[in-house]
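Summary of structural features
So you can see what is in the structure, the chains are spelled out below.
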Number of protein chains: 2
Amino acid sequence: MKNLTSPGLLLDMAAFHALFDTVAAVGCTPLGGLNRVAASQEDGQSRDLVCAWLAQRHFKISVDRVGNIYALLTLADPTAPYVLTGSHLDSQPRGGRFDGAYGVIGACIVADAMRTCAQQQFSHNLGVVIWTNEEGARFSPSMLGSGVFAGRYTSDFALSRQDVHGVTLAQALGQIGYLGDSEAPAVPAAYVELHIEQGGLLEISNAGIGVVEGNWGAVKYAVTLRGTAAHTGPTPMEQRRDALLAAAKLVVACRAISDATFGKLLTSVGRMDIEPNSSNVIAGSVTVYADLRTTDNALLIESSLEFERAASTIAADAKIEVDLQQVVNRSAGIFDAGLCTLVEQVATAKGYRPMRLSTIAGHDAIALCPLCPTAMIFVPSKDGISHNEAEFTSSTDLEAGLDVLGGTLHELLRKPLTP
Amino acid sequence: MKNLTSPGLLLDMAAFHALFDTVAAVGCTPLGGLNRVAASQEDGQSRDLVCAWLAQRHFKISVDRVGNIYALLTLADPTAPYVLTGSHLDSQPRGGRFDGAYGVIGACIVADAMRTCAQQQFSHNLGVVIWTNEEGARFSPSMLGSGVFAGRYTSDFALSRQDVHGVTLAQALGQIGYLGDSEAPAVPAAYVELHIEQGGLLEISNAGIGVVEGNWGAVKYAVTLRGTAAHTGPTPMEQRRDALLAAAKLVVACRAISDATFGKLLTSVGRMDIEPNSSNVIAGSVTVYADLRTTDNALLIESSLEFERAASTIAADAKIEVDLQQVVNRSAGIFDAGLCTLVEQVATAKGYRPMRLSTIAGHDAIALCPLCPTAMIFVPSKDGISHNEAEFTSSTDLEAGLDVLGGTLHELLRKPLTP
């Protein structure tokens, strides 16, 4: 077995923590979390900080039409293919400071180490990427920037997405100076993303590194229920067309679909947009955002149909109009087997305990998967908590993840070019 | 029977329609409704318009600490008691243009007619009043300005109420120039409010004038359910503490409490504040705004306890913390019997078909009820629709209401002073 401990690659962990903390301060919430939704002023400031850091270190920075940032580093023949690594800087409205930012800043540190690792002969060039609107908190759908890169969505579709105030992604990116006009780089030779697990499997299993084998399937819906706004007082019960009551029944029904599978299918409703959302007015319209997730593609299809039937039945019973849209429909999939093995070998060689698992959450890496060999490296999340200000990963675990990302990229960058 | 047709009192219906339409244009929505929530810029503009109209006609205008506007007219001995008439100019976010504004502008026209009705000997003076935040859409609770006037709330309590953005009523009133410092007038000799019915009884009964005998009881709650925000993806179902699921169950339970009374008790949830309300995050906290209304005070107490038990049970089952606050608790009550009879007699004398009914909706008149003899005059609402942009009352019905308000006030203002 070859030496996978990447000798000569010196990761500046002090620089990692310094940059991580600086970026985590932008949009920091009182409870130590983050409110840095996509293309907000805070998102813009965090992008500025990371870009300045990279520019200082001679990375060539460009921004594509949907605000994805590419910081490229020529390590080999300038015409040689690139390996990309990165993640996202946007957060949930009350998210944690590790989700996404860890993968971006980890990528910066590792890439900078490659730059100064002058002894090596590299066959590939390296790029750090920051994807736009991974979270889908402000603009729907999630993984929008990486989705455009992968050809799943057009730039025009992405740029026309609106937040709840009717601001388009194009307007918001323009306001923070990240509505770029550069061409995105060509399809990379490989994409590797470092991320926190956002679940509790690694911690429970006492594993330090997660090797992501595949992703769960997910179907997401935006279901708009339209009744009639009316005074909560004088309107007789039998005359009401109460959109919020119908929405509540749909939330309960959505949970029941999961319960019937004993938790094999995960279902959630995290968001409802209620109009006019006034205590003295029966809601005229409610949009329910539901998601269904499982590893079993047949179960996913069956459960989605069941959810759609439930929405129709509830709406019909309440004399409510229903408009059901599938916002996301991705099958369970597998990541590149060769890269999985490589990550596992590097982690083992460096003395960490790797564990194979699947990601239930969506990630930019899932968008990249159909495009090129893709890998994800997970580090443990304390108590599995994520999308919460209490999200936490220890410095030891963070540094281990960087070390494995460094080793993995070090191998990939030196891999002989396939003719 | 004396002559109750108020000869010599000339109501300028053209002026009524002109002022009504001018005011209805402020905050007008594309569908012909109103978005003019309390102490908004639009509320300020509509106040400015009405105050300018009154000032031009020599009313003496003052604004109290919570923004209630009083436009006083000396018709008798300046030390004689006042009769007050008025309503509110604030609306629901997508409300109708008749709710409240009709009573204010009707009061202006009738009061101006009294001013020019010089032949008469009046024993009382007259005031037009515009109450702050009747709707409770922006600041909770509703009937806040009239509640302060009636001594139900302190000014400090009212001024410290916050909207969803954390703006206090004091700040909002300051911004529109209606944070006054005048003393409110003394307790009036009587209060008469003209209003649309917001229900369908008058229309169904082919009655033109509603004589409000009393009000339904109402208990309103703000129930905050606190779980744990978490990623909708990787969090296993059994670990979730989903505040939105608990809220949905409470909405369904609240409706079931009404269903068990076959509609004798009305229950509604029109508003939920969901945190963080992001599609990929299990809600950490949801506040549910529920109301229960009935004419039967015993049923109201019993049903309120049932609602509170339901909230506790649902929260306990979901391992959710619950904080339940009663925001409003008003018993079913009766309006002044003598005034009811007077309104009925005036309506009959003028050739309208009066009908006695109770108000299910809250009104400023209900706040005034414990303070002084109080009456409400209703006119029909087309299809009973209110708190909706489609709210409508015909010009004929509007003018009939003005006519009856005029006649009623004409009698009250000339009534001998009780020693």
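Described in the following lines is the structure provided in the data block. Everything quoted here is computed from the prediction, not taken from an experiment. By convention here, each chain's residues receive numbers from 1 onward along its written sequence. Whichever chain is written first is A, and whichever ligand is written first is 1; the rest continue in order. For this predicted model, a pLDDT threshold of at least 70 governs which residues receive local features, and a threshold of 80 or more governs which side-chain atom pairs are given and counted, while totals over whole chains, interfaces and linings are taken from all residues. Note that water and hydrogens are dropped before the side-chain values are worked out from all heavy atoms of the structure.

1. Structural notes on the overall build of chain A
Heads up, the rule is: Secondary structure elements follow DSSP: runs of H or I of four or more residues count as helices, runs of E of two or more count as strands, with numbering from the N terminus. As defined in this context, the radius of gyration uses C-alpha atoms, and a globule is described by 2.2 Å times the residue total to the power 0.38. Each residue gets one of three labels from its accessible area relative to the maximum for its type: buried under 20%, exposed over 50%, partly exposed in between, using a 1.4 Å probe on protein chains only. Residue contacts follow a heavy-atom distance rule, with two residues in contact if any of their heavy atoms lie within 4.5 Å. Lys and Arg are tallied as positive, Asp and Glu as negative. Neither His nor the chain termini are counted. In this description, the location of a charge corresponds to atom NZ of lysine, CZ of arginine, CG of aspartate or CD of glutamate.
On a plain count of helices and strands, chain A comes out with twelve helices and 15 strands. Rg of the C-alpha trace for chain A: 23 Å, near the compact-globule value of 22 Å for 419 residues, within the 12% margin. When the backbone C-alpha atoms are referred to their principal axes, chain A occupies close to 80 × 45 × 45 Å. With 419 residues in all, chain A has 62% of them scored as buried. In chain A, of all internal contacts separated by at least 6 residues, the share reaching a separation of at least 24 is 79%. Both charge centroids of chain A, one from 30 positive and one from 43 negative side chains, sit 1 Å from each other.

2. A few points about the packing of aromatic side chains
Short version of the rule: Classification of ring pairs rests on two measures: the distance between centres of Phe, Tyr or Trp rings, Trp counted by its six-membered ring, which must be within 6.5 Å, and the angle between planes, read as stacked under 30 degrees, edge-to-face over 60 and tilted in between. Charge-over-ring placement is defined geometrically: NZ (Lys) or CZ (Arg) within 6 Å of the ring centre, and within 35 degrees of the ring normal.
Here the structure, examined in full by the defined rule, presents 20 aromatic pairs over all chains. Geometrically, the ring pair formed by phenylalanine 16 of chain A and tyrosine 102 of chain A is edge-to-face, given 6.1 Å between the ring centres and 75° between the ring planes. You can see phenylalanine 16 of chain A sitting in helix H1 (residues 13-24) and its partner tyrosine 102 of chain A sitting in helix H3 (residues 101-115), a full 86 residues away along the chain. By relative accessible area, tyrosine 102 of chain A is classed as buried at 0%. In this structure an aromatic cluster arises from ring pairing among Phe16, Phe20, Phe98, Tyr102 and Phe392 of chain A. Positioned above the aromatic ring of phenylalanine 157 of chain A, the side-chain terminus of arginine 161 of chain A is 3.8 Å from the ring centre. Over the ring of tryptophan 53 of chain B we find arginine 57 of chain B; its NZ or CZ atom is 3.9 Å from the centre of that ring.

3. What about the interface of chain B and chain A?
The line we're drawing: Throughout, the accessible surface (probe 1.4 Å) given up by two parts as they are put together, summed over both, is called the buried area. One side-chain nitrogen of Lys or Arg within 4 Å of one carboxyl oxygen of Asp or Glu is enough to make a salt bridge. Definition of a polar contact: a pair of N or O atoms within 3.5 Å, with one able to donate and the other able to accept a hydrogen when the atoms are protein atoms, and with sequence-neighbouring residues admitted only if both atoms are side-chain atoms. All residues other than Ala, Val, Leu, Ile, Met, Phe, Trp, Tyr, Cys, Pro, Asp, Glu, Lys and Arg, Gly among them, are scored as polar; the first ten of these are nonpolar and the last four charged.
Contacts between the two partners involve 57 residues from chain B and, on the opposite side, 57 residues from chain A. Taken over both partners, the interface formed by chain B and chain A buries close to 4,700 Å², and the fraction arising from carbon and sulfur atoms is 56%. Connecting chain B to chain A are two salt bridges. For the salt bridge of glutamate 275 of chain B with arginine 94 of chain A, the shortest nitrogen-to-oxygen distance reads 3.5 Å. Here chain B and chain A share 25 residue pairs in polar contact (both at pLDDT 80 or more) between them. Looking at the side of chain B that touches chain A, the element that brings in the most residues is strand S9 (residues 266-275) of chain B, giving ten residues. Of the residues contributing to the side of chain B that touches chain A, the split by class is 23 nonpolar, 22 polar and twelve charged.

4. Topic: the side chain of glutamine 92 of chain A
Tracing the backbone through its elements, the reader meets glutamine 92 of chain A in the loop between strand S3 (82-88) and H3. Looking at glutamine 92 of chain A, its side chain comes within polar contact range of the side chain of serine 278 of chain B, at 2.4 Å. Other than its neighbours up to four places away in sequence, glutamine 92 of chain A contacts Leu34, Asn35, Arg36, Val37, Glu135, Ala137 and His387 of chain A together with Ser278, Asn280 and Val281 of chain B.

5. With respect to the environment of tyrosine 82 of chain B
Residues and elements named next belong to chain B. With respect to the element layout, tyrosine 82 can be found in strand S3 (residues 82-88). Here the alpha-carbon distance between tyrosine 82 and leucine 72, two residues ten residues apart in the chain, equals 8.5 Å. Setting aside anything within four residues of it in sequence, one finds tyrosine 82 in contact with Leu72, Leu73, Thr74, Asn125, Leu126, Gly127, Pro188, Ala189 and Ala190.

6. A closer look at the sheet that holds strand S11 (residues 285-294) of chain A
The strands making up a sheet are joined through hydrogen bonds of the backbone, oriented either antiparallel or parallel. Residues and elements named next belong to chain A. What counts here: The pairing criterion for strands is at least two bridges between them, as found by DSSP. The axes are straight lines fitted to the C-alpha atoms, using for helices just the contacting stretch, and the angles between their N-to-C directions are given from 0 to 180°.
Spatial strand order, S9-S11-S7-S12: four strands in an open sheet with antiparallel pairing. Each having just a single partner strand, strand S9 (266-275) and strand S12 (321-330) make up the two edges of the open sheet. Neighbour-to-neighbour, the strand axes of this sheet turn through a mean angle of 15°, independent of strand direction. Sheet topology note: the S9/S11 ladder contains nine bridges and is antiparallel. Following the sheet pairing, aspartate 273 is matched in S11 by threonine 287. Its contacts with the sheet put helix H9 (residues 297-317) on strand S7 (217-226), S11 and S12, and the angle it makes with S7 is roughly 5°.

7. Let's talk about the packing of helix H10 (residues 337-349) of chain A against helix H12 (residues 395-414) of chain A
Residues and elements named next belong to chain A. Stated formally: Throughout, the term roughly parallel applies to angles under 35 degrees, roughly antiparallel to angles over 145, roughly perpendicular to angles from 65 to 115, and oblique to all others. Two helices cross in a left-handed way if the nearer one is turned anticlockwise from the farther one by less than a right angle. They cross in a right-handed way if the turn is clockwise.
Packing of H10 against H12 brings their axes to within 9 Å, and their N-to-C directions diverge by 125°. Comparing the axis directions of H10 and H12 gives the class oblique. Remark: the crossing between H10 and H12 carries right-handed chirality. Residues Leu339, Leu342, Val343, Val346 and Ala347 of H10 form the contact with H12, whose participating residues are Val404, Gly407, Thr408, Glu411 and Leu412. Residue composition of the contact of H10 with H12, by class: seven nonpolar, two polar and one charged.

8. As for the side chain of histidine 387 of chain A
Position of histidine 387 of chain A among the secondary structure elements: in the loop between strand S15 (374-379) and H12. A distance of 3.1 Å separates polar atoms of two side chains, one belonging to histidine 387 of chain A and the other to glutamate 135 of chain A. Among the polar contacts made by the side chain of histidine 387 of chain A, one reaches the main-chain carbonyl oxygen of asparagine 280 of chain B at a distance of 2.9 Å. Not counting the four nearest positions on each side in its chain, histidine 387 of chain A is found in contact with Gln92, Arg94, Gly95, Asp99, Glu135 and Gln198 of chain A together with Ala229, Ala230, His231, Asn280 and Val281 of chain B.

9. What about the relation of the copies chain B and chain A?
Worth spelling out the cut-off: All copies are superposed by least squares; the fitting set is the C-alpha atoms of residues with a pLDDT of at least 70 in both.
Least-squares fitting of chain B to chain A yields an RMSD of 0.1 Å, with the superposition described by an axial translation of 0.0 Å and a rotation of 180°. Read as a symmetry element, the transformation amounts to a two-fold axis. In terms of C-alpha distance to the rotation axis, chain B has alanine 248 of chain B as its closest residue, with the C-alpha 2.2 Å off the axis.

10. Section: unusual backbone geometry
Residue and element names in this part refer to chain A. In the segment running from glutamate 275 into proline 276, the intervening peptide bond is cis, with an omega of -5°. Locating proline 276 in the fold gives a position in the loop between S9 and strand S10 (281-282). At alanine 39, a position not held by glycine, the phi torsion is positive, near 60°. Inspection of the secondary structure puts alanine 39 in the loop between H1 and helix H2 (41-56). Residue classification places alanine 39 among the buried residues on the basis of a relative accessible area of 4%. Here phenylalanine 262, not a glycine, exhibits a phi torsion of approximately 55°, which is positive. Tracing the chain through its elements places phenylalanine 262 in the loop between helix H8 (243-259) and S9. Assessed through its relative accessible area of 79%, phenylalanine 262 is described here as exposed.

11. Quick word on the sheet that holds S9 of chain B
All names here are of chain B. Strand order across the open sheet formed by four strands is S9-S11-S7-S12, with antiparallel pairing between neighbours. Across the chains shown, the open sheet's two edge strands, defined by having one partner strand only, are S9 and strand S12 (321-330). In this sheet, neighbouring strand axes are inclined to one another by 15° on average, regardless of whether the strands run parallel or antiparallel. Here helix H9 (residues 297-317) sits on the sheet and contacts strand S7 (217-226), strand S11 (285-294) and S12; the angle it forms with S7, its principal contact strand, is near 5°.

12. Quick notes on the environment of glycine 127 of chain A
Residue and element names in this part refer to chain A. Along the polypeptide, glycine 127 turns up in strand S4 (residues 125-131). Along the chain, glycine 127 and valine 83 lie 44 residues apart, while their C-alpha atoms are 6.2 Å from each other. Not counting chain neighbours up to four residues away, the residues in contact with glycine 127 comprise Ala71, Leu72, Tyr82, Val83, Leu84 and Thr85.

13. Some remarks on H12 of chain A
Under the convention used in this document: How far a helix is expected to stretch is found by multiplying one less than its residue total by 1.5 Å.
Its 20 residues place the ends of H12 of chain A 29 Å apart at the C-alpha level, agreeing with the 28 Å of an ideal helix rising 1.5 Å per residue. Where burial is concerned, most of H12 of chain A is hidden: 15 out of the 20 residues are buried.

14. Quick word on the pairing of strand S15 (residues 374-379) of chain B
Residues and elements named next belong to chain B. Among the six residues in S15, six count as buried, and that is most of the element. Neither face of S15 is open: one carries Thr374, Met376 and Phe378, the other Ala375, Ile377 and Val379, and all of them are buried. Pairing between strand S5 (residues 190-196) and S15: six bridges, direction parallel. Of the residues in S15, the one forming a bridge with isoleucine 196 is valine 379. Across two bridges, strand S6 (residues 209-215) lies against S15 in antiparallel orientation. Along S15, the bridge assignment pairs glycine 210 with phenylalanine 378.

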